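# Geometric and topological summary
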Amino acid sequence: MSKLIVCEKNIAARRIAYILSEGRAKLERIHNVPVYVFHDLPARPAGGPAGRHGRGEEVKCIGLKGHILKVDFPAQYNNWQEINPIKLIDAPIVKVPTQKSILKALQKVAKDADIVVISTDFDREGELIGIDAVNKIREVNPNVKVKRARFSSLTESEIKGAFSNLEDVYISLAQAGEARQDIDLIWGATLTRFLSLASSRLGRQFLSVGRVQSPTLCLIADREKERQEHKPKPYWLVKALFESPGSEQFIALHKIERFWDKREAEAVLSRLGKMGKVVDISTVRKRLKPPTPFNTTAFLSAAAFVGVSPSRAMRIAENLYMEGLISYPRVDNTVYPPSLNFEGILKILEGSPELGNLANLVLRQEKIIPTRGKTEATDHPPIHPTGLAQRKDLKAQEWKIYELVCRRFFGTLALEAVVESIRIDIESGGEPFFVRGSTVVNEGWLKFYPYGRKKDEEVPTLKKGDELKLVKPILRKKETQPPSRYSQGQLIQKMEALGLGTKSTRHEIIKNLYDRGYIHGNPIVPTEMGLAVAEALRRHADTISTPQMTAELEKDMDAIVEGKVARESVVDRSRNILARIMLDLGRKRAVLAGEIREGIREDKIIGKCPRCGMDLKIIRAKKSKKRFIGCTGYPECNMAYPLPQYGEIITLDDVCEACHSPKIKVIRRPPASRGGKSPKPWVLCIDPNCPTKKGSD
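My aim in this report is to walk through the structure given alongside it, one point at a time. (Residues numbered from 1 in each chain as written. Predicted model: local features only at pLDDT ≥ 70, side-chain atom pairs only at ≥ 80, totals over all residues. Heavy atoms only, no water.)

## Focus: the packing of helix α8 (residues 296–305) against helix α12 (residues 396–413)
- Close contact between α8 and α12 brings their axes to 11 Å; oriented N to C, the two are set at 125 degrees. Comparing their axes, α12 and α8 come out oblique. Crossing hand, α8 versus α12: right-handed. Contacts from A298, F299, A302 and A303 of α8 reach α12 at I401, L404, V405 and R408.
- For the contact of α8 with α12, the class distribution of residues is 7 nonpolar, no polar and 1 charged. (Axes fitted to C-alpha atoms, helices over the stretch in contact; angles between N-to-C directions. Helix = DSSP H or I, 4+ residues; strand = E, 2+ residues; numbered from the N terminus. Parallel < 35°, antiparallel > 145°, perpendicular 65-115°, else oblique. Left-handed = near helix turned anticlockwise from the far one by under 90°. Contact = heavy atoms within 4.5 Å. Nonpolar A, V, L, I, M, F, W, Y, C, P; charged D, E, K, R; others polar.)

Printed below as a string of structure tokens:
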């Protein structure tokens, strides 16, 4: 008998082979692809030692690189200029290899296999990767038996348990993933080509549009529009600086926290006496419930809070999962399964020099009762630690994510925290003031998961009836502020609430918006190009710009998983929706293109010329084709600055503190040969003679 184990990545194949072979697997290379070969340990005879009476079946374990096939249109549809984008809606879809050497190696090792065990991640994408592999295997081995090993962590006990209880593959799960692939290709290619051709943005400057990407961009643009349209409204704060009998000075706020009429605030000040009196002291204790277990959205939001972007956090989490240190990170579930061995995990983590004392504190609790979130699923447990790591063995951001997961796990098992709030009410000249404070009296879970913990706010030591000296009345003018921009973590949460994307795709959608130059910074700022695309879609293709349609398609894909609807019917429905949108867009092509081009022109304005006060803009030289910043007052004003010749230029509403010249951000995309990792963007002053650049190349 011969068995082939197919994993999603090489790192998983290596670990699974190591666990199942108890370290005896040998590395071979087929078409330069690692393959791990060993023989199953046969069953132990009664009373005899294990593995001493011959060899079991031969096992080969191979890792892929994610998807070995991708969806595309046939070659005749590749010419953007000749093919009307609307023809892509009903064009045939083909699958083409993405990793030819891996595909050749897979078919070679599978040719003589009796059984194939799919051991990819257990979700839509993972199941589709597995089914695609099976389909290619059956081209060379039509009658091979196929099973699935289902697990949520790469720990020894779970891997051995999964391979002792093999299941059938989940076809409906793969079909939901396939439907998403087809729909995203049809929508993305059709709309991207249409908008890019209409606005004459081709080559590397094409305008990317997507089923989920576009409504997400519109969320960001809508928030920016709210900020731009915000009209600050003045208000006044009335405060008083008091001194206690013990000579302790403190500031109290008037009970009317905001005065919208300055005259009312001034009238209050006129009524104040030289003294104040403590009229009441109230104390309230509040119990703070521990946090719920991590699902993907909560995890990515928390990672963003500690300074790790969602896309980076997911890559790190996937690596930690592959190393057997945390459970599978793509989950909706927020309820631990009853089978999860909390004490076993805590005892493993007791061995950590950095976190062991916290694990021990949880173990010493009289009872360990985990919290429960609102979403209970059966595919994977919430994200939790599964293995022991030390800070010295991980990179800085890897440790930050591992520690975050461990501390959240501790927090979900810990006791409630208790916070005491104190309010002191004071009267002066008949006007009511107050002082508020709060202190943690029982740390509970806050000791384990301190992220975002507020500092204790102490109040002065006073008692009811104390006479206070009014040292100074205070009147402060303030203005209402516009709504804050989304942070990456907040945007992830908003996308989940609106049904935009999935746990597996939201962080990538946000990364794509950065990579396309539609947004920059964190909190997120849309570029003029991003605003122009969003506004054009809002005006002329509202269906694309709002979450409703794409959220409905997400529900349809869930229905595929549940076996309630066929993949083909969901894809056909999406084609019909897109066809109606394209007919409408076709009639508005000229207007839409004009609006986008105008927005892109705004993006080229860098700031004001320090010599003549006219606009500085990005210009490309006719002969050399090199770009530079020049003054729109040319030829009267010949002010000019050099620019990097590669990368997207993002204008910033900011000037250099040293020379007062405008600042720009440069975002470089990697060459196709280098894969998907983008160089870090950098911000620079446009003046090459700026004092900040002395000593630099």
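## Here we look at the layout of surface pockets
- Estimated volume of the second largest pocket: approximately 890 Å³.
- Along its surface, the second largest pocket is lined by 32 residues, and R124, D332, T502, K503 and D558 are the ones closest to its centre.
- Only α3 (124–137), α5 (171–198), α13 (488–498) and α17 (547–561) provide two or more residues apiece to the lining of the second largest pocket.
- Among the elements that make up the lining of the second largest pocket, the one with the highest residue count is α17 (5 residues). (1 Å grid on protein atoms, 1.4 Å probe; cavity = no way out; pocket = protein on both sides within 12 Å on 5 of 7 lines; lining within 4 Å. Points joined across faces, edges and corners; volume = space filled by probe spheres on them.)

## With respect to the sheet that holds strand β10 (residues 249–254)
- Around the barrel, 6 strands lie side by side as β9-β10-β13-β12-β11-β14; this closed barrel has antiparallel pairing. With direction set aside, neighbouring strand axes in the sheet form an average angle of 35 degrees.
- Examined bridge by bridge, β10 and strand β13 (residues 431–442) share 2 bridges and lie antiparallel to one another. From the neighbouring strand, L253 faces β13, where its bridge partner is F434. (Pairing = 2+ DSSP bridges.)

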